[in-house]
Amino acid sequence: MKAMKMLLSKLLCATRFATCFPLLLMSLATAAADTDGLAKNAPEDEQVFAMSGTEEGHTAIQYRWGDPATVYEVSIEAGDVVQPGSLLCVLKFEQADRPARSKAHIKAGATYTVVAVNINVGDRIQAGSDKPIIVLNRELLTHDSTMQQEGGRLGTMGGLFKNLWHSTGLREMIVQTANAWPLGVGRLFMIAVGVLLLYLAIFKRFEPLLLVPIGFGAIMVNIPLAYLAGPEGILGYLYAMGIETGVFPLLIFMGVGAMTDFGPLIANPATALLGAAAQIGIFTALLGSLALSAWVPGINFTLPDAASIGIIGGADGPTSIFLAGKLSPSLLGAIAVAAYSYMALVPIIQPPIMRLLTTSEERKTRMVQLRPVSRLERICFPVIITFLCALLLPDAAPLISMLMFGNLLRECGVVDRLSHTAQHALINIVTIFLGLTVGSKLSADQFLNLQTIGILAMGLIAFVVGTSGGLLLGKIMYRLSGKTINPLIGAAGVSAVPMAARVVNKFGLEEDNHNFLLMHAMGPNVAGVIGSAVAAGVLLNALSGLF
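Residues numbered from 1 in each chain as written. Predicted model: local features only at pLDDT ≥ 70, side-chain atom pairs only at ≥ 80, totals over all residues. Heavy atoms only, no water.

Novice: When you look at the overall build of the chain in this model, what are you seeing that I'm missing?
Specialist: Within the chain, the secondary structure is distributed over 22 helices and nine strands. Burial status across the chain gives 48% buried among its 547 residues. By sequence separation, contacts in the chain at least 24 residues apart represent 72% of the contacts at least 6 residues apart. Surface accessibility of the chain: about 26100 Å² in total, with carbon and sulfur atoms responsible for 65%. (Helix = DSSP H or I, 4+ residues; strand = E, 2+ residues; numbered from the N terminus. Buried < 20%, exposed > 50% of the residue type's maximum accessible area, 1.4 Å probe, protein only. Contact = heavy atoms within 4.5 Å. Areas by Shrake-Rupley, 256 points an atom, 1.4 Å probe, with all protein chains shown as cover.)

And the structure:
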C-alpha cells in the first residue's frame, strides 16, 4: 500500500511537470524574445513579458518592459487554437535611448485556446497595466482529426478563404496603413524605390554591379509577412555573416586592390596630398550632421551616426558600409544608397564644380608624362603602406591591409590565378551578397523618415566639399609648381575609382583635345581610396569608447 502511494505521488509530480513545462518554456521564450539586441541590454531583474494565472485558471500575458511599445502584428483572434511555435503577436519597441526599431515576437510554447486578445495593430502599450495583452487557456490534448463546421461545407470553405486572406501581404498592407503607414503603403513606396534603382542600373548604367542587387534586396525586404531580413530570413543570415562581421567590405577591398594600378601614385607621390585634401568633405558632413541634430526637430544623429554619414564624402562604398556597420547599423541602408548614388552621379555633380573653381587657363595646363615605375617599386609599395599603417593607425589596418594584399597579388607576378580570382570570381560573388544585404536595410520603417533626408543632404554636401577641397589644393599646387600641375586632377581625390579620373580626363579634353589627364588623375584617385580608409580608421579609433 505504501509503495502504491509513492508511485501515485511520483505520477502526480510528473503530470504537474508535464503540464507546467510548456508554460515554463513559453515564459523563458517570451522573456528572452527576439528583440534585435534589446534583451541583452536589459537589467537582469527586468523582463519583457510576464505570465501569470487568472482566477478562471487561464494564462495571462502582460507587458513589463520599461519603454512603450507599438503593436506591430496580431496573428490570433479569440477562439483560435494555437499550436506550439505559432506566432501570437509582434511588438515594436519605442526605446528612449535607441531608434525605435527593435521588435519582439511572442510565440506559443504549448497548445492553447485563445480566450481574449486585448490589443490591436497600431495600439501603443506601456508596462504597469493590470489588463493582460493576451489571455490563453491551456489545452492538455490535441488531435488532427477534422470536424464538420456549423453551416456545413460552405462554413469550412469560408474559413479556408478567411485564413488565406489573413495570410496575404495585401491585407497586411491595408491593415498597417491605417495604423502605421510606413508598414503599409510605405512598403509599396519602397518597392517602387527598388524598381527605380533597377531602372537606373539596367537602363541608365548607374553602378549596375551594386544597384541591381541593392534594388532587388529593397523589394525583397518590403514583402509583407515574409520576414526575409529577420533573424531566420535569407537576408538576415547574409547580413549577420557579412556585414556585422565586416567581412564583405573587406573582401571587396581586396578585389579593388587587385584591380588597381598604384603606378601613377608611386610615380608622382605629391598627388597623394590631393587625395588627402578631398577627405575634408568627410569631416564637414560629420559636423553638419551634428548641426542638423541640434537645429532640426525630428533628426537625432549621435556622434557615431554623424561619423558614418560623413564617410559618404570619401565616395567609397565599401568603406561607407564598413564604418556604418560598425557604428550605425540602423542607418546602413540610407548611407550605402547615398554613397553609391553619388558615386554614380560623379559625371553630373563634378563638372559644374570644376568649371566654377578653375579658370580656362588652369584647365588647359598640360602635364609632363609620368616616369616609368619599376616592378620592385610596385611590389614594395603595398608592403610598406601596410607596415606604416600597422605602426601609425592600427584601426585602419583591416581596410588598408586587405587593399594592399589584393594589390600585392596583382603586382608580384607569381600568383596570377589568385590575382585573377580576386579580380573576378571572388569580388563578383561578394558584390552580389553585399548588394542584397545593403538592400535588406531599405525596409520602409527604417528608410521613410526625416533622418533619411538628412543623410542624403549631408552626403551630397560631403561629396561637393570633398571635390572642392581637392580642386582648391590643386590650384595651390598649380601656383607653387610654376603652373605645371593641372588643378583639375584634384577633383579625382574622391575615391570613386576610376570614374572620377575619367571625368577629369574628359573635362580636360573639352578645353584642349590634346590634354590627356587620365594617368595623372589616377594618382589622387587611388590616393583617395587610401585616404578614405585612413579616415575611417581615425573615426573608429576616436569613437571606440562610444559603441
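Further notes follow.
Novice: What is the right way to look at the packing of aromatic side chains in this model?
Specialist: Think of a pair of aromatic rings as described by two things: how far the centres are apart, and how the planes are tilted against each other in angle. Within the structure shown, the criterion is met by four aromatic pairs. Centroid distance Phe 248 to Phe 433: 6.1 Å. Interplanar angle 25°. Geometry classified as stacked. One end of the pair, Phe 248, is in helix 7 (residues 247–259); the other, Phe 433, is in helix 18 (residues 416–439), and 185 residues separate them in sequence. Arranged with centres 5.3 Å apart and planes meeting at 35°, the rings of Phe 262 and Phe 381 form a pair that is tilted. Linking Phe 262 in the loop between helix 7 and helix 8 (263–267) with Phe 381 in helix 16 (residues 375–392), this pair joins segments that are 119 residues apart in sequence. When the ring centre of Tyr 239 is taken as origin, the NZ or CZ atom of Lys 441, which lies over that ring, is 4.2 Å away. (Phe/Tyr/Trp six-rings, centres within 6.5 Å; stacked < 30°, edge-to-face > 60°. Lys NZ or Arg CZ within 6 Å of the ring centre and 35° of its normal.)

Novice: What is the right way to look at empty space enclosed by the protein in this model?
Specialist: Which parts of space are left empty comes out when a probe the size of a water molecule is rolled across the atoms. Scanning the entire structure with this criterion turns up one cavity of 30 Å³ or more. Every residue lining the largest cavity is listed: Ser 330, Leu 331, Leu 332, Gly 333, Ala 334, Lys 441, Gln 446, Phe 447, Asn 449, Gln 451, Thr 452 and Ile 455. Taken together, the residues that form the lining of the largest cavity break down as five nonpolar, six polar and one charged. (1 Å grid on protein atoms, 1.4 Å probe; cavity = no way out; pocket = protein on both sides within 12 Å on 5 of 7 lines; lining within 4 Å. Points joined across faces, edges and corners; volume = space filled by probe spheres on them. Nonpolar A, V, L, I, M, F, W, Y, C, P; charged D, E, K, R; others polar.)

Novice: What am I meant to see in a nonpolar patch on the surface here?
Specialist: Taken together, the side chains of Leu 196, Tyr 199, Ile 202, Phe 203 and Val 212 make up a nonpolar region of the molecular surface, amounting to roughly 490 Å² of accessible area. Along the chain, Leu 196 turns up in helix 4 (residues 185–203). (Patch = residues over 30% accessible without salt bridge, like charges linked within 9 Å, V, L, I, M, F, W, Y side chains within 5 Å. Salt bridge = Lys/Arg side-chain N within 4 Å of Asp/Glu carboxyl O.)

Novice: Honestly, the sheet that holds strand 5 (residues 87–93) in this entry has me stumped. Any pointers?
Specialist: Strand pairing in a sheet is mediated by backbone hydrogen bonds. Such pairs are either parallel or antiparallel. The sheet built from four strands is open, its strands ordered 6-5-3-8 with antiparallel pairing. Whereas interior strands pair on both sides, the edge strands pair on one side only; in this sheet they are strand 6 (103–107) and strand 8 (124–125). Here strand 5 runs beside strand 6; their pairing, made up of five bridges, is antiparallel. Across the sheet, Val 90 pairs through a bridge with His 105, a residue of strand 6. (Pairing = 2+ DSSP bridges.)

Novice: Explain the sheet that holds strand 9 (residues 134–138) to me, please; I cannot follow it from the model alone.
Specialist: The strand order across the open sheet formed by five strands is 1-2-9-7-4, and the pairing between neighbours is antiparallel. Looking along the sheet, the strands with just one partner apiece sit at the ends: strand 1 (49–53) and strand 4 (81–82). Two strands pair when backbone bridges link them, and strand 2 (residues 59–63) and strand 9 are joined in this way by three bridges, in the antiparallel orientation. In the strand pairing of strand 9, Ile 61 is matched with Ile 134.

Novice: Looking at this model, I keep getting lost on helix 17 (residues 397–412). Mind explaining?
Specialist: Side chains three or four residues apart in an α-helix point the same way, a direct result of the helix having 3.6 residues per turn. In this model helix 17 runs 21 Å from its N-terminal to its C-terminal C-alpha over 16 residues, within 8% of the 22 Å that 1.5 Å per residue would give. Every buried residue of helix 17 is listed here: Leu 399, Ile 400, Leu 403, Met 404, Gly 406, Asn 407, Leu 409, Glu 411 and Cys 412. Buried residues along helix 17 sit in contact with helix 7, helix 12 (317–327), helix 16, helix 18 and helix 22 (518–542). One or two steps after helix 17, the chain reaches Gly 413, where phi turns positive at roughly 80°. (Expected span 1.5 Å × (residues − 1).)

Novice: Can you walk me through unusual backbone geometry in this structure?
Specialist: Excluding glycine, a negative phi dihedral is what most residues carry, and trans is how most peptide bonds are arranged. Residue Pro 498 is reached from Val 497 by a cis peptide bond, and omega for that bond is -10°. Checked against the element boundaries, Pro 498 lands in the loop between helix 20 (450–480) and helix 21 (499–511). One non-glycine residue, Glu 207, adopts positive backbone phi at about 40°. Structurally, the position occupied by Glu 207 is in the loop between helix 4 and helix 5 (208–221). The backbone phi angle of Tyr 227 is positive, close to 55°, even though this residue is not glycine. You can see Tyr 227 is positioned in the loop between helix 5 and helix 6 (234–242).

Novice: What should I look at first to understand the nonpolar core in this one?
Specialist: Generally speaking, nonpolar side chains in soluble globular proteins are found buried as a group. Among the nonpolar cores identified, the biggest contains 100 residues, and Phe 262, Leu 434, Ile 455 and Val 504 are the most heavily contacted of them. The element best represented in this core is helix 22, accounting for eleven residues. Apart from the residues lying within four places of it in its own chain, the contact partners of Val 504 are Met 354, Leu 488, Ile 489, Ala 491, Ala 492, Leu 517 and Ala 521. Phe 49, Ile 61, Ala 69 and Ile 76 belong to the second-largest nonpolar core, a separate cluster that totals 24 residues. (Core = buried A, V, L, I, M, F, W, Y, C linked by side-chain atoms within 4.5 Å.)

Novice: Looking at this model, I keep getting lost on the pairing of strand 5. Mind explaining?
Specialist: Two faces make up the sheet, and in a regular strand the side chains alternate between them. In terms of residue burial, strand 5 counts as a mostly covered element, since six of its seven residues are buried. Of the pairings in the sheet, the one linking strand 3 (residues 69–74) to strand 5 comprises five bridges and is antiparallel in character. Looking at the pairing, Glu 73 lines up with Val 90 of strand 5.

Novice: It is not clear to me how the side chain of His 520 should be interpreted in this structure. Could you clarify?
Specialist: Mapped onto the elements, His 520 comes out in helix 22. Using a relative accessible area of 8% as the deciding quantity, one classes His 520 as buried. Once residues lying within four places of it in the same chain are set aside, the contact partners of His 520 are Met 367, Val 368, Gln 369, Leu 370 and Ile 489.

Novice: How should I be thinking about the pattern of salt bridges in this particular structure?
Specialist: A side chain with one charge can pair with a side chain of the opposite charge if their charged atoms come near. Counted by the stated rule, this structure contains eight salt bridges. Among the ionic pairs, Glu 362 bridges to Lys 475, the shortest N-O distance being 2.8 Å. Remark: Lys 475 occurs in helix 20 and Glu 362 occurs in helix 15 (residues 360–363); sequence separation between them is 113 residues. Connected through salt bridges with shared partners, the residues Asp 261, Arg 378, Arg 410 and Glu 411 form a single ionic network.

Novice: What exactly am I supposed to notice about helix 5 here?
Specialist: Its 14 residues place the ends of helix 5 20 Å apart at the C-alpha level, agreeing with the 20 Å of an ideal helix rising 1.5 Å per residue. Of all 14 residues in helix 5, ten are buried, a share of seventy percent or more. Those residues of helix 5 that fall on the buried side of the exposure criterion are Leu 210, Leu 211, Pro 213, Ile 214, Gly 215, Gly 217, Ala 218, Ile 219, Met 220 and Val 221. Residues of helix 5 that are buried make contact with helix 4, helix 6, helix 13 (332–344) and helix 18.

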